Amino acid sequence: MNMTEPEFEAPAPDYSEDGVDLTLLRWMLSLTPQQRLQALEEHLNGILEIRALNAHA
Amino acid sequence: MPTHSPSALLRIFAEAGVEFIVVGGVAAVLNGAAINTFDTDLVHARTPENISRILGVLEEIDAIYRMQPERRLRPKESHLESRGHQNLMTSMGHLDLLCTIGRGLAYEDLLPHTTSMELGSGTRVLVLDLETLIALKQELNGDKDRLALPILRQALKLKQAKDLLPSEG
């Protein structure tokens, strides 16, 4: 019988020591450059839409 | 409401045969950094042929200076030949045409530090690499630059670790 314990691999941290969200960076790096740009544009235009809706708030 | 479309801006310049390098926040995003930016920064080659191509595109996208937009001032050949920054608003969003960046680095100086990236439909653009973006931000050391630096450094670290992994193909 093999008594050797399976090697435990620590999960990758969610944040770096200086507080950067590494989950977001891993997600961005999983995309193609075209998809990264698309994500930026959707985000920006979403923000601008909300700003326009609240222009008189 | 104005539309911000860095991809449309990059495509129209690439399709017109303009020689440029994507720098700043859009370059950071293309390199995989999760940051926000509301303008597209490009460093252009300052040859007469290239400037003529740029002026053609600027006309097409109705580019005017962001400063005093009511005067609808348009950049001229001499502005694009200078060493300054042209901060413009266009029908596709804010566009900054930078003649030089950092300590006077021009298109030719930055070329060795770029990567060619595919943006779909066969469009390829030259993008400043993360190492150089970090070096430039460290040099500038403004509040905005210092804020972005930890994200850029972590993106570079993850990217380098990813490049070390065996290919899945």
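It should be emphasised that the depicted structure is a prediction, and the values quoted were computed from it without experimental measurement.

Overview of the overall build of chain B
(1) Moving on: Helices and strands together make up the secondary structure of chain B, namely 7 helices and 7 strands.
(2) Moving on: Mapped in sequence order, the helices and strands of chain B form the string α-β-α-β-α-β-α-β-β-α-β-β-α-α.
(3) Moving on: Computed over its C-alpha atoms, the radius of gyration of chain B comes to 16 Å, within 12% of the 15 Å expected for a compact globule of 169 residues.
(4) Moving on: Along the first, second and third principal axes, the C-alpha set of chain B runs to 50 × 35 × 35 Å.
(5) Moving on: Evaluated residue by residue, chain B yields a buried proportion of 36% over its 169 residues.

Some details on the overall build of chain A
(1) Moving on: Check the secondary structure of chain A and you find 2 helices and 0 strands.
(2) Moving on: The C-alpha atoms of chain A give a radius of gyration of 20 Å, which is well past the 10 Å a tight globule of 57 residues would have.
(3) Moving on: Expressed along its principal axes, the backbone C-alpha trace of chain A runs to roughly 70 × 30 × 20 Å.
(4) Moving on: The 57 residues of chain A split such that 12% are buried.

As for the confidence of the model for chain B
(1) Moving on: Residues at a pLDDT of 70 or more form 95% of chain B, whose mean pLDDT is 93.
(2) Moving on: Taken together, the chains of this predicted complex give a pTM of 0.91 and an interface ipTM of 0.90.

Some details on the interface of chain B and chain A
(1) Moving on: Each side of the interface is counted separately: chain B has 24 residues, and chain A has 22 residues.
(2) Moving on: Looking at the side of chain B that touches chain A, the elements with two or more residues in it are helix H1 (6-15), helix H2 (24-30), strand E6 (114-118) and helix H7 (143-164) of chain B.
(3) Moving on: Counting residues per element, the side of chain B that touches chain A draws most heavily on H7 of chain B, at 7 residues.
(4) Moving on: Split into classes, the residues belonging to the side of chain B that touches chain A amount to 13 nonpolar, 8 polar and 3 charged.

Thoughts on the sheet that holds strand E1 (residues 20-23) of chain B
All names here are of chain B.
(1) Moving on: Strands sit in the order E3-E4-E5-E2-E1-E7-E6 across an open sheet of 7 strands; the sheet is mixed. In this open sheet, the two strands that pair with only one neighbour each are strand E3 (64-65) and E6.
(2) Moving on: Pairing of E1 with strand E2 (residues 39-44), which is carried by 4 bridges, proceeds in the antiparallel orientation. Its bridge partner being in E2, Phe20 is matched across the sheet by His44.

Side note on the environment of Gly25 of chain B
Residues and elements named next belong to chain B.
(1) Moving on: Within the secondary structure layout, Gly25 lies in helix H2.
(2) Moving on: Spatially, the C-alpha atoms of Gly25 and Leu152 are 10 Å apart, while their sequence positions differ by 127 residues.
(3) Moving on: Once residues within four sequence positions are removed from consideration, Gly25 is found in contact with Ile35 and Thr37.

What about H1 of chain B?
Residues and elements named next belong to chain B.
(1) Moving on: Those residues of H1 not exposed but buried are Pro6, Ser7, Leu9, Leu10 and Phe13. Along the long axis of H1, the arc covered by the buried residues comes to 160 degrees, so they all point the same way.
(2) Moving on: Following H1 by one or two positions, Gly17 adopts a phi angle in the positive range, close to 75 degrees.

Looking at the environment of Ile12 of chain B
(1) Moving on: With respect to the element layout, Ile12 of chain B can be found in helix H1.
(2) Moving on: Considering only alpha carbons, one finds Ile12 of chain B and Gly56 of chain B, 44 residues apart in sequence, at a separation of 11 Å.

Focus: the environment of His113 of chain B
Residues and elements named next belong to chain B.
(1) Moving on: Position of His113 among the secondary structure elements: in the loop between helix H5 (107-110) and E6.
(2) Moving on: Considering only alpha carbons, one finds His113 and Arg146, 33 residues apart in sequence, at a separation of 21 Å.
(3) Moving on: The residues contacting His113, other than those within four sequence positions of it, are Leu128, Asp129 and Thr132.

Quick word on unusual backbone geometry
Residues and elements named next belong to chain B.
(1) Moving on: Although it is not a glycine, Gln68 sits at a positive phi angle of roughly 50 degrees.
(2) Moving on: As for its position among the elements, Gln68 is in the loop between E3 and helix H4 (77-81).
(3) Moving on: You can call Gln68 exposed: it has 9 C-beta atoms within 10 Å.
(4) Moving on: Within the chain, Asn141 stands out as a residue other than glycine whose phi angle is a positive 55 degrees.
(5) Moving on: Topologically, Asn141 is positioned in the loop between helix H6 (130-140) and H7.

Calculation notes
Residues numbered from 1 in each chain as written. Chains lettered and ligands numbered in written order. Predicted model: local features only at pLDDT ≥ 70, side-chain atom pairs only at ≥ 80, totals over all residues. Helix = DSSP H or I, 4+ residues; strand = E, 2+ residues; numbered from the N terminus. Rg over C-alpha atoms; globule rule 2.2 N^0.38 Å. Buried ≥ 20, exposed ≤ 12 C-beta atoms within 10 Å, placed from the backbone. pLDDT = per-residue confidence, 0-100. Contact = placed C-beta atoms within 7 Å. Nonpolar A, V, L, I, M, F, W, Y, C, P; charged D, E, K, R; others polar. Pairing = 2+ DSSP bridges. Arc of directions from axis to C-beta.

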